Amino acid sequence: MEETRTQFLASRLFFLTAAFWVLVAMTLGLIMAIQLAVPETYADIPQLLYSRLRPAHVNLVVFGLVLPGLVGAALYVVPTVCRTTLFAPWLAVASAVLWNGVNLGILGTLIHGMTQGREYAELIWELDVAVLVMYALLIVCVFGTIARRKEKLLYVSAWYIAGGLCWTAVVWVVGNVMWHPDTGSLSGISDAILNWFHGHNVLGLVITPAAVGVAYFIIPHATRTPIYSHTLSLLGFWMLLFVYTHTGTHHLLQAPVPQWLKVLSIVDSVALLIPVFAFLTNVWLPLRERIGRLHQDVGAKFVFVGTVWYFITCLQGPLHSLPVVQRLTHFTNWVVGHAHIAVLGFAGFISMGAVFYLLPRVSGRRLWSVRMAEAQYWLMSIGLIGFFLTLTSAGLIQGQAWLNGEVIYRILPQMSLYMVLRALLGIMMLTGGTLFTINVVMTIWRGQKVDS
Ligand code: HEM
Ligand code: HEM
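Residues numbered from 1 in each chain as written. Chains lettered and ligands numbered in written order. Predicted model: local features only at pLDDT ≥ 70, side-chain atom pairs only at ≥ 80, totals over all residues. Heavy atoms only, no water.

(A) Looking closely at the overall build of the chain. Looking only at helices and strands, one finds 15 helices and zero strands in the chain. At 21 Å, the chain has a C-alpha radius of gyration in line with the 22 Å of a compact globule built from 452 residues. Viewed in the frame of its principal axes, the chain has a C-alpha envelope of about 65 × 50 × 45 Å. When each of the 452 residues of the chain is scored for burial, the buried share is 59%. (Helix = DSSP H or I, 4+ residues; strand = E, 2+ residues; numbered from the N terminus. Rg over C-alpha atoms; globule rule 2.2 N^0.38 Å. Buried < 20%, exposed > 50% of the residue type's maximum accessible area, 1.4 Å probe, protein only.)

(B) Up close: the coordination of the iron atom of ligand 2. With distances of 2.1 Å, the protein atoms coordinating the iron atom of ligand 2 are His57 (NE2) and His340 (NE2). Considering all six donor atoms around the iron atom of ligand 2, angles at the metal cover 85 to 179 degrees and the coordination shape is octahedral. Here the residue His57 occupies a position in helix 3 (residues 50-82), and His340 occupies one in helix 13 (residues 333-363), the gap between them amounting to 283 residues. Per residue, the accessibility class of His57 equals that of His340, and both read buried. (Donors = N, O, S within 2.8 Å, 3.2 Å for Na, K, Ca; no water. Tetrahedral: all angles 85-135°; square planar, octahedral: opposite > 155°, others 65-115°.)

(C) Broad picture of the environment of Lys449. Position of Lys449 relative to the elements: it lies in the segment after helix 15 (408-446). Linking Lys449 and Ala25, residues 424 residues apart in sequence, is a C-alpha distance of 31 Å.

(D) Region of the structure containing the coordination of the iron atom of ligand 1. Counting protein donors around the iron atom of ligand 1 gives one, His338 (NE2), at 2.2 Å. Here His338 lies in helix 13.

Below you can see the structure in the form of structure tokens.
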């Protein structure tokens, strides 16, 4: 047991990282939501300017909650499916420590207005370099582990995790234009295209493979049911790589980018249904008579619900990639609704589920309170469904009004109710996030020993 604890120190650190930063990230979201409901609330505080809080919120949900939970899980999953121990675990520990330094840097720089001003690539060059180092450390651990594996067949989770890490490193350097440290950008429309190549790949080639890889491990493990087909799983993996890399321009359908690039991005957005359904078929189909087993473990339940949100997100995604739909939905709260069901519903739920499922295995302690985790599950599920309905409705009203030639400020009074509702739902979500933090910390600190 002692050996296991040292071996999985990095996983525990990453789980604690997620448990701490979720509070910061959600608090920033709530502060913004209050500002949208009651404008000018903090008009005299420059650090709370909306334009500073928004990138801080977005970067911290990604680097604060979603990725640390998934990376901590990956550091357990990869050695397990390779039937070996983690290679150079201290490098992973170093990455976890650096990770927290980067999160501090993200918060400190962005709320003080130090930004490169490109959406999803706001971080200053020094932080970009630090992120690259923390990925590089993880790449060494993961590939070192795979290289000394005792299991001949490389299970799909390892493919996704290893692939995701490599793509991340490449996308990060290119997307952040790291060879231009001062601006981190090209110029004009080329930069917009590159920015969204990066923006959507952060979601599709970094977060998605990590979440899919972890779910591919936890759902079959919890239900003691093998996936439907290994070949199908690898088909999904290669298809994801093949089609996702071209979809970034679907964010720029209203911009003067070359027509062929728009068409390519739309076609590939619809083609994304193939890897999505390859994954869902593989984990859902074998569950037909065993779905009840998922309810025996609250972590597995979170992960499963994450796959349901993935399904909904990926039906909505191709739909609003079509120009005829995007004319109505672009630049409205519809997209913010999509962003929350995607990043929180899909990746966040899988990340938090993985923390609950694997924490006892990496700490040797039982989950502090299953009831608390269940309460968090309901608070966050109701909160998220509420977010989705509220923001989608608000988005449709905005889109319809603008298509009818209405100007923005005349729609604002109609938005008020939705913004108030979102702020109230945000309080629910933050309460859920607080339960998560308490549960993770208490499990590691006071949890009952598994072998006692
Ligand atoms: C089949 C899969 C998907 C497709 C085709 C798709 C398509 C799109 C499109 C077209 C937009 C831009 C909408 C607009 O600006 O009008 C968008 C936005 C977004 N998507 Fe997806 N999506 C998919 C899955 C996902 C997943 C899995 C995630 C998260 C891991 C995600 C996260 C986001 C986010 C955060 C935004 C907001 C970006 C912004 O700030 O404008 N999407 N998606
Ligand atoms: C207390 C809970 C939360 C509240 C109140 C909240 C609120 C907000 C607000 C007000 C925005 C800006 C929307 C805009 O500019 O119109 C936003 C953006 C965003 N939030 Fe949250 N949020 C919360 C939790 C989360 C969580 C947990 C995640 C993911 C794990 C998340 C992911 C995002 C993303 C990806 C965006 C960017 C949306 C886009 O670019 O279209 N949020 N959030």
